[in-house]
Amino acid sequence: MGSFWVRYAKEHKEQARAAILAAASRPLKEKGFHGVGVDALAAAADVTSGAIYSHFGSKEGLLEQVIREYVSPEFESLRVEDRDERRRRLVELLGTYLSDEHCQDVAGGCVLAALTVDVARASDAVREVYQLQISKMVALMVPAMPGDEEERRQRAWALVASLIGAVSVARALPAGVHRDAVLQATLRSIEDSIR
C-alpha cells in the first residue's frame, strides 16, 4: 500500500507541475518575462507563489521549463521519413505560423516568437536550453530543404529566423495591411527558398 501511495504522489506532483507550466506559460508569453511577476504567474495557474518556487525554483526556472517544453511542438509533425511529405507538412505549418491568427494569439502561440528577446537576456542555463530546443526544431526541417547537407542546414536556420522575426515584426504593427504584408512576403520568400 505504501508504494502505491508514493507512486500516486509522484504522478500527482508531475501532473500538478505540468498544469502549472501550461497555465503560467500563457501570461509569460503574453507579457514577457519582465512584464509579469511570480504572483501573476501563480494566479494564472490558480496556485500560490510558493508552488511556483517549489516546482521550478525561481521565475527563471519556470522560463527555462517553458522553453524546454513548448518550443514549437507542432513541428514534431515533420518527423516523417518521406521528404516530399515532410515538405508538404512544412508548407502547411508555415501558413499557420505566418497567419494573422497566430499573431493575435500571443498567449497561445509559439514560445519562440514570444520569448526569444527575453531568453537573450536570461542566464546561460536558459540560453543553453533554448539552443538545444531550437536546434531540434531546425533538425526536423533540414530534410525538407533543397540542396546538399550544408545548404539544407543553412536554409533551415534561415527559415527559423525568418519565422520568428516575421511574427515579431507583425505583432509590433497594428492589424492591417502592413502586418499582412510582412506575413505574406515572408511566407512567399520561404516557400520559394524550399522549392
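In what follows, the structure referred to is the one given above.
The structure reproduced in this document is the subject of the present report.

Rules behind the numbers
Residues numbered from 1 in each chain as written. Predicted model: local features only at pLDDT ≥ 70, side-chain atom pairs only at ≥ 80, totals over all residues. Heavy atoms only, no water. Helix = DSSP H or I, 4+ residues; strand = E, 2+ residues; numbered from the N terminus. Buried < 20%, exposed > 50% of the residue type's maximum accessible area, 1.4 Å probe, protein only. Core = buried A, V, L, I, M, F, W, Y, C linked by side-chain atoms within 4.5 Å. Contact = heavy atoms within 4.5 Å. Salt bridge = Lys/Arg side-chain N within 4 Å of Asp/Glu carboxyl O. Phe/Tyr/Trp six-rings, centres within 6.5 Å; stacked < 30°, edge-to-face > 60°. Lys NZ or Arg CZ within 6 Å of the ring centre and 35° of its normal. 1 Å grid on protein atoms, 1.4 Å probe; cavity = no way out; pocket = protein on both sides within 12 Å on 5 of 7 lines; lining within 4 Å. Points joined across faces, edges and corners; volume = space filled by probe spheres on them. Nonpolar A, V, L, I, M, F, W, Y, C, P; charged D, E, K, R; others polar. Disulfide = S-S within 2.5 Å. Axes fitted to C-alpha atoms, helices over the stretch in contact; angles between N-to-C directions. Parallel < 35°, antiparallel > 145°, perpendicular 65-115°, else oblique.

### What about the overall build of the chain?
Then comes step 1: A tally of helices and strands in the chain yields 10 helices and zero strands.
Then comes step 2: Taken from the N to the C terminus, the helices and strands of the chain come in the order α-α-α-α-α-α-α-α-α-α.
Then comes step 3: Taken along the three principal axes of its C-alpha coordinates, the chain extends 60 × 40 × 30 Å.
Then comes step 4: Split into buried and exposed, the 195 residues of the chain put 42% on the buried side.

### Structural notes on the nonpolar core
Nonpolar side chains in soluble globular proteins tend to end up buried together.
Then comes step 1: If you look at the biggest cluster of nonpolar residues, it comprises 58 residues, and the most contacted ones within it are F75, L90, Y97 and M141.
Then comes step 2: Excluding residues that lie within four positions of it along the chain, M141 makes contacts with F75, L78, L90, A156, L159, V160 and L163.

### Describing helix 7 (residues 111-120)
Then comes step 1: Taking burial as the measure, the 10 residues of helix 7 include seven buried ones, the bulk of the element.
Then comes step 2: For helix 7, the complete set of buried residues consists of V111, L112, A113, A114, L115, D118 and V119.

### A closer look at the pattern of salt bridges
Then comes step 1: Within this structure, the stated rule accounts for nine salt bridges.
Then comes step 2: In this structure, the salt-bridge partner of E64 is R68, at a minimum N-O distance of 3.1 Å. Here E64 and its partner R68 are both found in helix 4 (residues 59-70), four residues apart, which amounts to about one turn of the helix.
Then comes step 3: Residue class for E64 comes out buried when judged on its relative accessible area of 19%.
Then comes step 4: Given a relative accessible area of 32%, R68 falls into the partly exposed group.

### Some details on the packing of aromatic side chains
Then comes step 1: Scanning the entire structure with this criterion turns up one aromatic pair.
Then comes step 2: Positioned over the ring face of F33 is K59, at 4.4 Å from the centre of the ring.

### Details of the layout of surface pockets
Then comes step 1: For the largest pocket, the calculated volume is near 230 Å³.
Then comes step 2: Around the largest pocket sit 16 residues that line it, and E74, H102, G108, G109 and C110 are the ones nearest its centre.
Then comes step 3: Elements with a contribution of two residues or more to the lining of the largest pocket: helix 1 (2-31), helix 5 (83-97) and helix 6 (100-104).
Then comes step 4: Of all the elements, helix 5 adds the most residues to the lining of the largest pocket, at three residues.
Then comes step 5: Residues belonging to the lining of the largest pocket are distributed by class as follows: seven nonpolar, six polar and three charged.

### As for the state of the cysteines
Then comes step 1: Here the structure, examined in full by the defined rule, presents zero disulfides.
Then comes step 2: With no disulfide of its own, C103 lies closest to C110 among cysteine sulfurs, the gap being 11 Å.
Then comes step 3: Residue classification places C103 among the buried positions, given a relative accessible area of 3%.
Then comes step 4: Exposure remark for C110: the relative accessible area of 4% places this residue in the buried category.

### Description of the side chain of H55
Then comes step 1: With respect to the element layout, H55 can be found in helix 3 (residues 49-56).
Then comes step 2: The residues touching H55, leaving out its near neighbours within four places in the chain, are K13, A16, R17 and I20.

### Let's talk about the packing of helix 4 against helix 8 (residues 124-141)
Then comes step 1: It is the contact of helix 4 with helix 8, at a shortest axis distance of 9 Å, that shows an interaxial angle of 5°. Between helix 4 and helix 8, the interaxial angle falls into the category roughly parallel. Together, E60, L63, E64, I67 and R68 of helix 4 and A125, V126, V129, Y130 and Q133 of helix 8 make up the contact between the two elements.
Then comes step 2: Grouping the constituent residues of the contact of helix 4 with helix 8 by class yields six nonpolar, one polar and three charged.

None of the figures reported here should be taken as evidence of function without further support.
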